[in-house]
Structures are given as C-alpha cells and as structure tokens.
Amino acid sequence: GWGSAPGRRRSGDRPLGGGADRPELGRFCPLIPAIPRVAFRTCRLRYVPRVRVEPLGIEIEAPPGETVMDAVCSQGYFWPVGCAKNGECTNCAMEIISGVGRVSAMGRFERQNLVRQRGARSVENPRLRLACQTRAEGDIVVYKRGVEPA
C-alpha cells in the first residue's frame, strides 16, 4: 500500500468513489483527492518489465502478457523467425543472460518443439528459450543475433 494497510484511514485521506452508499468501493489514497467512482479503484502503479536485447543494445518495455518477440517487434525491430511466430521452427530461440527467474514458465508446446528441433539436451538449459513463447515477468537481458531495426 501507500503507507497504510487496506481499510485503514489516515487523516486527510479521501475515498475513491466509496462511501456509506458503496462500502465495497471505499478504498483510500492519500495522494489523490476525491475522484469520481468510475475513475480509479486503487492507487497502485503498474510495473512494466524491461527487456534489453544484446548485442544490439536496445532496451524496450514488455507489457504484461506480451511475448518478448512481440514486444521487440512492436517497437520497430525485426526478430529473425522461420515460421508464423508460433514456436514451430525454434529460429527465434534466445539466450537469457540475466533474469532467468523473471520469465514465464516453459510450456509443453515450447518444450516439445525445442526437443524436436534441437535435441533433448536443449531443455536442460534454462537460459535457452523461444522468444515467441516467453513472456517477461520482470527485467531481463537476452542475447539474440539478427535482431535489427525493421
């Protein structure tokens, strides 16, 4: 929270759309004066992970739910692939230099395609991931040759 536990009220706090008539909306935020009930229900800021791609040296934001490759491509860069960006070819494979624990878990489809295309030992390395299947859940640094401005 912002210095007070949920449901606690400090002097000067104003309700965000709540009140006696709508107690379920009665959250308080000391940073924002009274706001219409349709605007905000909480004062938390959303964290957007950052992805740095080496050796190119670019750093981009990866919105929640977006794959690493989609996030990079949406910023005007080309990411080398050989399929329809669905994990079939494994050409988008990247090495995670930093932040292995800050990416989505490897799914069954990604695991099967890595084994099929690159051998059983490829899934033993947690740093080798498919950019079209991996989502950043925190700041990461990846290595992928061939990424360039589109």
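Residues numbered from 1 in each chain as written. Predicted model: local features only at pLDDT ≥ 70, side-chain atom pairs only at ≥ 80, totals over all residues. Heavy atoms only, no water.

Undergrad: Talk me through the environment of proline 149; I want residue IDs and the actual numbers.
TA: Of note, proline 149 is situated in strand E9 (residues 148-149). On the accessibility criterion, proline 149 (56% relative accessible area) is exposed. Along the sequence, proline 149 and tyrosine 77 sit 72 residues apart, while their C-alpha atoms lie 4.3 Å from each other. (Helix = DSSP H or I, 4+ residues; strand = E, 2+ residues; numbered from the N terminus. Buried < 20%, exposed > 50% of the residue type's maximum accessible area, 1.4 Å probe, protein only.)

Undergrad: Could you give an account of the sheet that holds strand E3 (residues 50-54), naming the residues involved and the relevant values?
TA: With mixed pairing, the 5 strands of this open sheet are ordered in space as E4-E3-E8-E6-E7. Both outer strands of the open sheet, strand E4 (58-61) and strand E7 (128-130), are each paired with one neighbouring strand and no more. Averaged over all pairs of adjacent strands, the angle between their axes in this sheet comes to 35°, without regard to strand direction. Bridge analysis of strand E6 (residues 93-98) against strand E8 (residues 140-143) gives 3 bridges, and the strand direction is antiparallel. Bridge pairing links serine 98 to valine 141 in E8. Across the sheet, helix H2 (residues 108-118) is in contact with E6 and E7; its angle to E7 comes to roughly 110°. (Pairing = 2+ DSSP bridges. Axes fitted to C-alpha atoms, helices over the stretch in contact; angles between N-to-C directions. Contact = heavy atoms within 4.5 Å.)

Undergrad: Kindly report on the nonpolar core, identifying the contributing residues and their values.
TA: Judged by nonpolar contacts, the single largest core of 25 residues is most densely connected at Val51, Val53, Trp79 and Val142. Sorting the residues of this core by element identifies E3, E4, helix H1 (68-74), E6, E7 and E8 as the ones contributing at least two each. Residue contributions to this core peak at 4 residues, all from H1. Not counting the four nearest positions on each side in its chain, valine 142 is found in contact with Val51, Arg52, Val53, Glu54, Trp79, Met94, Glu95, Ile96 and Ile97. (Core = buried A, V, L, I, M, F, W, Y, C linked by side-chain atoms within 4.5 Å.)

Undergrad: With reference to specific residues and values, describe unusual backbone geometry.
TA: A cis amide bond links glutamate 54 to the next residue, proline 55, at an omega of 5°. Its place among the elements puts proline 55 in the loop between E3 and E4. Unlike most non-glycine residues, lysine 85 shows phi in positive territory, near 60°. Here lysine 85 is to be found in the loop between strand E5 (77-78) and E6. A positive phi angle, close to 65°, is found at threonine 90, a residue other than glycine.

Undergrad: Now, about the side chain of threonine 67: what can you tell me, with residues and values included?
TA: Position of threonine 67 relative to the elements: it lies in the loop between E4 and H1. The exposure class assigned to threonine 67 is buried, which follows from its relative accessible area of 4%. Of the polar contacts made by the side chain of threonine 67, one reaches the backbone nitrogen of aspartate 70; its length is 3.1 Å. Residues within four places of threonine 67 in sequence aside, it is in contact with Ala131, Cys132, Gln133, Thr134 and Arg135. (Polar contact = N/O pair within 3.5 Å; in protein donor to acceptor, adjacent residues only side chain to side chain.)

Undergrad: Could you give an account of the pattern of salt bridges, naming the residues involved and the relevant values?
TA: In the structure shown here, the tally under the stated rule is 6 salt bridges. Glutamate 88 is the partner of arginine 116 in a salt bridge, and the nearest nitrogen-oxygen pair spans 3.3 Å. Of this pair, arginine 116 sits in helix H2 while glutamate 88 is found in the loop between E5 and E6, placing the two residues 28 residues apart along the sequence. Looking at arginine 116, the relative accessible area reads 48%, which means it is partly exposed. A salt bridge links glutamate 124 to arginine 121; the shortest N-O distance between them is 3.7 Å. Both residues of the pair, glutamate 124 and arginine 121, belong to the exposed class. If you follow the salt bridges from partner to partner, you end up with Arg50, Glu59 and Glu61 in one network. (Salt bridge = Lys/Arg side-chain N within 4 Å of Asp/Glu carboxyl O.)

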